[in-house]
Amino acid sequence: MEVVKKVGEYTIVKKRSGRFAVKAANGKFVNKEEKVKILTDAGLITAPVAKVEAPAVEEETEVAAE
């Protein structure tokens, strides 16, 4: 793993797969929302945006009306 950046008490490393890992000062790895927040604040990733699905109810009612 290659050290990319040190942010406050966190060390950001890049794995061979290209993904990032965040290691806290106590030596444990950080996961989930906290990891995403740290990587976003460091400017290494952009937060994923949830997709909005089109309502499927309208299509079903049109078919039933015919």
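Look above for the structure.
Criteria and cut-off values
- Residues numbered from 1 in each chain as written.
- Predicted model: local features only at pLDDT ≥ 70, side-chain atom pairs only at ≥ 80, totals over all residues.
- Heavy atoms only, no water.
- Buried < 20%, exposed > 50% of the residue type's maximum accessible area, 1.4 Å probe, protein only.
- Helix = DSSP H or I, 4+ residues; strand = E, 2+ residues; numbered from the N terminus.
- Arc of directions from axis to C-beta.
- Contact = heavy atoms within 4.5 Å.
- Core = buried A, V, L, I, M, F, W, Y, C linked by side-chain atoms within 4.5 Å.

1. Here we look at helix α1 (residues 32-42)
- Among all positions of α1, only Ile38, Leu39 and Ala42 are buried. In a view along the axis of α1, the buried residues occupy a sector of 95°, so they form one face of it. Opposite the buried face of α1, by more than 90 degrees, sit the exposed residues Glu33, Lys37 and Asp41.
- Looking at the buried residues of α1, the elements they touch are β1 (2-7), β2 (10-14), β3 (20-23) and β4 (29-30).
- Two residues or fewer after α1 comes Gly43, characterised by a positive phi angle close to 80°.

2. What about the nonpolar core?
- Counting residues in hydrophobic clusters, the biggest one holds 9 residues: Tyr10, Ile12, Phe20, Val22, Ala24, Val30, Ile38, Leu39 and Ala42.
- At the level of elements, β2, β3 and α1 are the ones that each hand at least two residues to this core.
- Top contributing element to this core by residue count: α1, with 3 residues.
- Beyond its immediate sequence surroundings of up to four residues, Val22 is in contact with Tyr10, Thr11, Ile12, Lys28, Phe29, Val30, Lys35, Ile38 and Leu39.

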